[in-house]
Amino acid sequence: CNNIKECIFIFQLARIQTDYVAEKLKTLYPDVLLEIVAMSTIGDKILDTALSKIGEKSLFTKELENALERNEVDLVVHSLKDLPTTLPNGFTIGAVLQRESPHDAVVLHPKNSGLTLDTLPDGSVIGTSSLRRAAQLKKKFPHLEFKDIRGNLNTRLKKLDEKEDYAAIILAAAGLKRMGWEARVSQVLGPEDCMYAVGQGALAVEVRARDCDILGMVSTLHHSETVLRCIAERAFLRRLLSLTGAVYSLDGADSLKEAMETSVEESADIQHVGVTAHNVPQCAQVAAEKLGVDLADLLLSKGAMEILTTARKLNDAR
């Protein structure tokens with residue numbers, strides 16, 4: 001790999017995340033020249049719409065994967081939680097780095113210093129860009145109101161501090177730590193309050209699946225425990241899959257719309273929910289994936305699909 005010029009794409013994540021991956025590679029491969037190329041995606045630019053309304057996760061990855069496909073870059077650095085559980089053909093997650101805290105954190109408006117979500121006054125408005133967070137926290141803290149807030153970390157913190165619109169906002173603890181803003185964390189939410197997103201807190205390196213040399217190089221960044229935990233989480237998420245299709249007349253007067261659900265079985269190759277990890281025992285990866293699938297099946301047997309369908313309808317009606 002001594003003569004390989006590696007180009008690492010970033011989208012709207014803190015530059016420090018990409019620098020962290022680059023420094024790891026430079027330490028392991030000091031003779032490899034690394035060029036960091038910054039790029040934003042469509043998802044990064046849509047800041048006036050709730051994430052739950054945007055829908056496709058590929059809005060945050062498509063341009064980056066197009067650059068990979070055109071051989072314009074060799075590696076793409078992602079937050080793992082932004083990657084769909086099924087990647088486009090020809091791509092794979094070549095590295096999952098050691099996870100930071102996967103939990104969500106509460107950042108209070110300065111006037112509410114010392115309080116918690118439980119002790120905030122009734123009707124206090126909490127800002128979050130995540131439907132997942134809002135749904136769980138509404139159940140746990142029914143005295144609070146939840147409203148959308150978009151933008152990068154800097155923008156959201158500025159909206160919190162300089163206005164009176166929000167009593168607090170909810171952010172990923174990992175992002176705050178990487179930015180050096182741990183002092184702003186007022187409360188870390190455990191799973192009993194808010195279960196974190198699939199893959200949250202972990203960085204992933206996406207590569208072309210056919211590039212064995214590059215895949216071998218980045219695989220040294222894998223953190224085995226994180227890999228197995230994230231495989232289980234991604235398998236759980238992918239199992240809860242549905243597809244909706246529709247046909248409309250040009251004037252919209254006539255239409256047909258149907259939805260079907262299915263389980264997705266892993267193909268008999270070396271990837272597990274998009275992750276290639278040669279240096280992690282295959283039996284452990286299979287077991288981790290099965291754990292995620294089994295948990296999803298258990299929830300489906302108890303009516304999870306009905307709850308998800310209702311949630312989607314309510315979100316579409318917002």
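Everything discussed here concerns the structure shown above.
Residues numbered from 1 in each chain as written. Predicted model: local features only at pLDDT ≥ 70, side-chain atom pairs only at ≥ 80, totals over all residues. Heavy atoms only, no water.

A few words on the overall build of the chain. Looking only at helices and strands, the chain has eleven helices and 14 strands in total. Per-residue burial over the chain gives 44% buried out of 318 residues. Accessible area for the chain stands at about 16500 Å²; split by element, carbon and sulfur atoms hold 55% of it. (Helix = DSSP H or I, 4+ residues; strand = E, 2+ residues; numbered from the N terminus. Buried < 20%, exposed > 50% of the residue type's maximum accessible area, 1.4 Å probe, protein only. Areas by Shrake-Rupley, 256 points an atom, 1.4 Å probe, with all protein chains shown as cover.)

Attention now moves to the pairing of strand β8 (residues 168-172). The element β8 is largely enclosed, with a buried count of five among its five residues. Judged by which residues are buried, β8 turns out to be covered on both faces: A168, I170 and A172 on one side and I169 and L171 on the other are all buried. Relative to β8, strand β5 (residues 104-108) is paired through five bridges, and the arrangement is antiparallel. Counted as the bridge partner of A105 is L171 from β8. Two strands pair when backbone bridges link them, and strand β6 (residues 125-127) and β8 are joined in this way by two bridges, in the parallel orientation. (Pairing = 2+ DSSP bridges.)

Here the focus is the sheet that holds β5. Reading across from one edge, β7-β6-β8-β5-β9 is the order of the five strands in this open sheet, with mixed pairing throughout. The open sheet has two free edges, formed respectively by β7 (145-147) and β9 (187-189), since each of these has just one partner strand. Between one strand axis and the next, the sheet turns by 30° as a mean value, whatever way the strands run. With respect to the sheet, helix α5 (residues 131-140) is in contact with β5, β7, β8 and β9, its orientation differing from that of β8 by roughly 125°. Lying over the sheet, helix α6 (residues 153-162) contacts β5 and β8, oriented at roughly 165° with respect to β8. (Axes fitted to C-alpha atoms, helices over the stretch in contact; angles between N-to-C directions. Contact = heavy atoms within 4.5 Å.)

The subject of this paragraph is the nonpolar core. Residues L80, L83, I93, V96, V227, I231 and V275 are the most contacted members of the largest nonpolar core, which totals 18 residues. Ranked by residues supplied to this core, first place goes to helix α9 (residues 224-239) with five residues. With sequence-adjacent residues up to four places away left out, I231 is seen in contact with H272, V273, V275, Q285, A288 and E289. Ranked by size, the runner-up nonpolar core spans 17 residues in total, among them V32, L34, L215 and V218. (Core = buried A, V, L, I, M, F, W, Y, C linked by side-chain atoms within 4.5 Å.)

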